[in-house]
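The primary structure of each chain is shown beneath.
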Amino acid sequence: MLRFVLRRLGALAATLLISSFLVFSAMYAAPGTPESFLVQGRTVSPEVLASIRAQYGLDDPFLIRYWNWLGGVLTGDLGESLTTRQDVASLLASRIPTTLWLTLYAAVLIVVFGVLAGALAGLRGGAFDTGVLLGSSVGFAVPTFFAAVLLMSVFSVTLGWFPVFGSGSGFAGRIEHLTLPAVALALPAAAVVARITRTAVVEEREAEHVSVALARGVPWRVVARRHILRNAMLPVTTIVGVNIAALVAGAAVVEHAFTLDGVGAMLINSVQQKDFAVVQAVALLLVAVFGVVNLVIDILYAVIDPRVQLGGESA
Amino acid sequence: MTAQALERPAVRRRGGDLADRLGPLGLAAVAVVALITLAALCAPLITSHDPAIGSVIERYQGPSAEHLLGTDQSGRDLLARLLYGARTSLLGAAVVVLLAGAGGALLALVAAWFGRTVDALVGRVLDLLFAFPNLLLAILAVAVFGTGLGQVTVALAIAYVPYTARVLRSVALRERRLGYVQAAELQGLSGLVVSVRHILPNIAPQILTGAAINFGYAMIDLAALSFLGLGVQPPTADWGLMVSQGKDSLLQGHAQQSVFAGVCIVVAVAAFSVIGERLGGRKAGGRA
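Remember, predicted model here, so these are calculated numbers, not experimental data.

A. Geometry of the overall build of chain A. When its secondary structure is counted, chain A shows twelve helices and zero strands. Order of helices (α) and strands (β) in chain A, N terminus to C terminus: α-α-α-α-α-α-α-α-α-α-α-α. The buried share of chain A, taken over its 315 residues, is 47%. Considering only contacts in chain A between residues 6 or more positions apart, those separated by 24 or more positions represent 74%. In the form shown here, chain A has an accessible surface area of approximately 15,300 Å², with 66% of it arising from carbon and sulfur atoms.

Pasting the structure below:
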């Protein structure tokens, strides 16, 4: 187990290293020179331009610049924003709480509502099952940004139950401000999870070992819990994990829609302003989080299913 | 992607009737897709309004004989914008699916034919692409190449390649080991000829099923990028952009634009995902 985790962490570090190089060179290769973004279209004397180039180390060869940047990243220095001159690391730190709360909230909603609805639909059948099937088909097709706009229209503008903007402070304030964004973010994923859970539960319910258990007189509640749900949770874990990992990037859309001050909104803004120092930092952070979440899922998977061999060639 | 294009290989592979495999719901979905495609193609015949031109005096009008669905914040006809927006939305998603399918098939065939080192190398490249969330990859590409439909379409296609390549690689590897491929190889045919003439037609059903499944995702992702202001730029009509532009009007109580455009996206995506699901016999969300 430990060896598996260590090896995966090593692979993740290698991936991050290559990703950082790719992201850095992509920004380097982008049309337009960095100093033209720095001066923002103003006409400046060649001397000023030269001093700017020297200040940002723009005259150094590409690899030296990458090396300096990487060294900075490893020591927690992410450089400074090209547009606001602020320290990227502290900018990023101020944005992380909102995104963290939003994604955690959405993840809880996905697990609770997706798995619960799917499991109940699979176990009970009947009208509830049909409802979940229909709901998941529609929910899956609703883009997060459209869900965001609809929720805002109904619950903020018309009913006035929730605030339209801002991300709130304190636990209660955050819950109040982030409820609609989290619902919008969770909706399509919860629909997929509900669908997969339902299918898994139905397949398991119709399995022979369940008929045998029931025929031997094992109570339905016990069969449902120990025989059906436990087995059905394997594919569910995978799909829940994939969807929670995808929230990392999906949050950007919802943050933009609700004008929340999260990391994703910062990414979008800095892309529009060509603030590459920020774009690089956010991209690297998102890839790192994405990788860690995926690693956690793989470990969880092995904990749930003892048959899964860790450290195999495919791992 | 039309129903006809999907029909041929499906029939050839299973020998069954396509209508049977689609079922009533699947056939309804095909009808919906055909209707949307037709509406997009015949947009100028259906409405005489220009989607980009409006009069500010006529802003926020309700439905009338002149403007069947009313007008937006610039007094532009909403029906015209929806119809022309269908062109952008469908074309963009079609190009994404086409490029991702071609790129995925190319990688799969190369990996399957050469095997060993090349296969491992392709695997590493795919792993690296998998390390980036889809949307992040597309956003980064916009940062480098700038905003616009063309840019985000290519960016998204690249983001989709690992998914199609992974599925197709396993199918191509299976074909590679079959007798007909080895016979062709023994006859001295080149790898290119065997791959393109013999293996490719046999993995075509999987390519098309993947395309149908990805189409819905591509529509949503492209619309999301337009919503973020990174994709299609105004005044071009696009469903995602319409939801975004309608947001401000909606906060003032004019919900039509966002709602109409959003409903169009939902209906189109649902139809494509039903078709993909029926063709592939897979569950919703089966891409990953």
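From this point, the discussion proceeds with the structure in view.
B. Spatial organisation of the packing of aromatic side chains. According to the stated counting rule, one finds eight aromatic pairs over all chains in the structure shown. With a centroid separation of 4.9 Å and 25 degrees between ring planes, the pair formed by A:F145 and B:F227 is classed as stacked. A residue pair is termed interchain when its members come from two chains, as with A:F145 in helix α7 (residues 144-158) and B:F227 in helix α9 (residues 191-227). Accessibility expressed as a relative area gives 0% for A:F145, which makes it buried. Note on B:F215 and B:F272: the rings are 4.0 Å apart at their centroids and 20 degrees apart in plane angle, and the pair reads as stacked. Of this pair, B:F215 sits in helix α9 while B:F272 sits in helix α11 (residues 256-280), and the two are 57 residues apart along the sequence. For B:F215, a relative accessible area of 2% corresponds to the buried category. Site record: aromatic cluster; members linked through ring pairs are A:F21, A:F24, A:Y66 and A:W69. The ring of B:W113 has B:R176 lying over it, and the distance from NZ or CZ to the ring centre is 4.1 Å.

C. View of helix α5 (residues 116-130) of chain B. Between the first and last C-alpha of α5(B) there are 21 Å, a value that for 15 residues agrees with the 21 Å anticipated at 1.5 Å per step. Turning to α5(B), its buried residues number three or more, namely B:D119, B:V122, B:L126 and B:L128. Against the buried residues of α5(B) lie α1 (2-29) of chain A together with α4 (78-114) and α7 (149-176) of chain B.

D. Expanded view of a nonpolar patch on the surface. Taken together, A:M1, A:V292, A:V296, A:L300 and A:V303 make up a surface patch of nonpolar side chains, about 450 Å² in accessible area. Judged by relative accessible area, A:V292 falls into the partly exposed class, the value being 41%.

E. A look at unusual backbone geometry. B:P235 follows B:P234 through a cis peptide bond whose omega is 5 degrees. Looking at the secondary structure, you find B:P235 in the loop between α9 and α10 (239-251). Positive phi, normally seen in glycine, also occurs at A:T259, with a value near 45 degrees. One can find A:T259 in the loop between α10 (220-257) and α11 (263-272). With a phi close to 40 degrees, B:R116 is a non-glycine residue in the positive phi region. Mapping B:R116 onto the fold places it in helix α5. On the basis of relative accessible area, B:R116 is assigned to the exposed category, the value being 76%.

F. The pattern of salt bridges, seen in detail. Within the structure shown, the criterion is met by five salt bridges over all chains. A salt bridge links A:D129 to A:R198; its shortest N-O distance comes to 2.5 Å. With A:D129 in helix α6 (residues 126-141) and A:R198 in helix α8 (residues 170-205), this pair connects stretches of sequence that are 69 residues apart. For the pair A:D129 and A:R198, one class covers both residues: buried. For the salt bridge of B:R169 with B:D119, the shortest nitrogen-to-oxygen distance reads 2.7 Å. With B:R169 in helix α7 and B:D119 in helix α5, this residue pair connects regions lying 50 residues apart in the sequence.

G. Representation of the interface of chain B and chain A within the structure. Facing 40 residues of chain B, the contacting portion of chain A comprises 46 residues. Carbon and sulfur atoms make up 83% of the area that chain B and chain A hide from each other, which totals about 3,600 Å². The interface formed by chain B and chain A includes zero salt bridges. There are one residue pair in polar contact (both at pLDDT 80 or more) connecting chain B and chain A. At the level of elements, α5, α6 (134-145), α9, α10 and α11 of chain B are the ones that each hand at least two residues to the side of chain B that touches chain A. With ten residues, the top contributor of residues to the side of chain B that touches chain A is α11(B). Residue classes in the side of chain B that touches chain A are distributed as 30 nonpolar, seven polar and three charged.

H. Representation of the environment of B:G231 in the model. Residue and element names in this part refer to chain B. Within the secondary structure, G231 sits in the loop between α9 and α10. Accessibility expressed as a relative area gives 0% for G231, which makes it buried. Sequence separation between G231 and G150 is 81 residues, and the spatial gap between their C-alpha atoms is 8.3 Å. The contacts of G231, once residues within four sequence positions are left out, are T147, G148, L149, V152, L225 and S226.

I. Spatial organisation of helix α5 (residues 88-124) of chain A. Relative to the 54 Å expected for 37 residues at 1.5 Å per residue, α5(A) spans 52 Å between its end C-alpha atoms, a close match to the ideal helical length. Phi for A:G125, located one or two positions after α5(A), is positive at around 70 degrees.

J. The arrangement of the packing of α5(A) against α11(A) in detail. Residue and element names in this part refer to chain A. Two elements in contact, α5 and α11, have axes separated by 7 Å at closest approach and are oriented at 130 degrees. The angle between α5 and α11 falls in the class oblique. The segment α5 lies against α11, with L91, L92, R95, I96 and T99 engaging V263, G264, A265 and M266. Taken together, the residues of the contact of α5 with α11 sort by class into six nonpolar, two polar and one charged.

Cut-off values and rules
Residues numbered from 1 in each chain as written. Chains lettered and ligands numbered in written order. Predicted model: local features only at pLDDT ≥ 70, side-chain atom pairs only at ≥ 80, totals over all residues. Heavy atoms only, no water. Helix = DSSP H or I, 4+ residues; strand = E, 2+ residues; numbered from the N terminus. Buried < 20%, exposed > 50% of the residue type's maximum accessible area, 1.4 Å probe, protein only. Contact = heavy atoms within 4.5 Å. Areas by Shrake-Rupley, 256 points an atom, 1.4 Å probe, with all protein chains shown as cover. Phe/Tyr/Trp six-rings, centres within 6.5 Å; stacked < 30°, edge-to-face > 60°. Lys NZ or Arg CZ within 6 Å of the ring centre and 35° of its normal. Expected span 1.5 Å × (residues − 1). Patch = residues over 30% accessible without salt bridge, like charges linked within 9 Å, V, L, I, M, F, W, Y side chains within 5 Å. Salt bridge = Lys/Arg side-chain N within 4 Å of Asp/Glu carboxyl O. Buried area = accessible area lost by both parts, 1.4 Å probe. Polar contact = N/O pair within 3.5 Å; in protein donor to acceptor, adjacent residues only side chain to side chain. Nonpolar A, V, L, I, M, F, W, Y, C, P; charged D, E, K, R; others polar. Axes fitted to C-alpha atoms, helices over the stretch in contact; angles between N-to-C directions. Parallel < 35°, antiparallel > 145°, perpendicular 65-115°, else oblique.

That is the geometry; function is a separate question.
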